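# Results of the structural survey
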Amino acid sequence: MRIEADRIYEQLEYRFEDDLRSVSYYDEDESDHVYIRDDVKTKYDSSDIESVFREARLEAIDQQHQESLYSHGDLQCVLRCFEKAIELHLIKTQRKGVIAALEIGAIDDLQGTINSAIVALDETDS
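Here's what I pulled together on the structure shown here. On a predicted model such as this, the values are computed, not experimentally measured, just so you know.

So, how was this worked out
- Residues numbered from 1 in each chain as written.
- Predicted model: local features only at pLDDT ≥ 70, side-chain atom pairs only at ≥ 80, totals over all residues.
- Heavy atoms only, no water.
- Helix = DSSP H or I, 4+ residues; strand = E, 2+ residues; numbered from the N terminus.
- Buried < 20%, exposed > 50% of the residue type's maximum accessible area, 1.4 Å probe, protein only.
- Contact = heavy atoms within 4.5 Å.
- 1 Å grid on protein atoms, 1.4 Å probe; cavity = no way out; pocket = protein on both sides within 12 Å on 5 of 7 lines; lining within 4 Å.
- Points joined across faces, edges and corners; volume = space filled by probe spheres on them.
- Nonpolar A, V, L, I, M, F, W, Y, C, P; charged D, E, K, R; others polar.

Each helix and strand counted, the protein has five helices and five strands in total. Going residue by residue from the N terminus, the α and β elements of the protein occur as α-β-β-α-α-α-β-β-β-α. Projected onto the principal axes, the alpha-carbon positions of the protein cover approximately 40 × 35 × 30 Å. Each of the 126 residues in the protein was classed as buried or not, and the buried ones make up 39%. Here the analysis covers contacts within the protein between residues at least 6 apart in sequence; of these, 58% occur between residues at least 24 apart.

Shown next as structure tokens:
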């Protein structure tokens, strides 16, 4: 997943520059950060970060169930809008994904942002 996360980081960093807060990834074997902006890093300790990864993994495991509830096709991304940030959870499989955070006002083209990240996530499949 590191390769996919690196691609997504490049895509989002180019598009959002200083509004990019973080890009992280997880798979069966590990979880790590590709990028965390310095001011964001100071707000989390290792326990907080592990909780975020644990939640993302649980969410990914529930992917098939979520897809069965709606007739919308594959669940590709879960979006969380907070007061100060937007979290994108890009689900590759039930065990792999990428989490990215952006400043709340950064996205003016939400669908384009998600689509470009999904393309970067799926490029290794082709």
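Further remarks concern the layout of surface pockets. Here the idea is plain: a probe the size of a water molecule rolls over the atoms and shows the empty space left. Taken as a whole, the largest pocket encloses approximately 540 Å³ of empty space. Of all the secondary structure elements, the ones that give two or more residues to the lining of the largest pocket are β1 (20–26), β2 (31–36), α2 (38–41), α3 (46–61), β4 (85–93) and β5 (96–103). A total of six residues in the lining of the largest pocket trace back to one element, the largest contributor, which is α3. Among the residues forming the lining of the largest pocket, the class breakdown is twelve nonpolar, four polar and eight charged.

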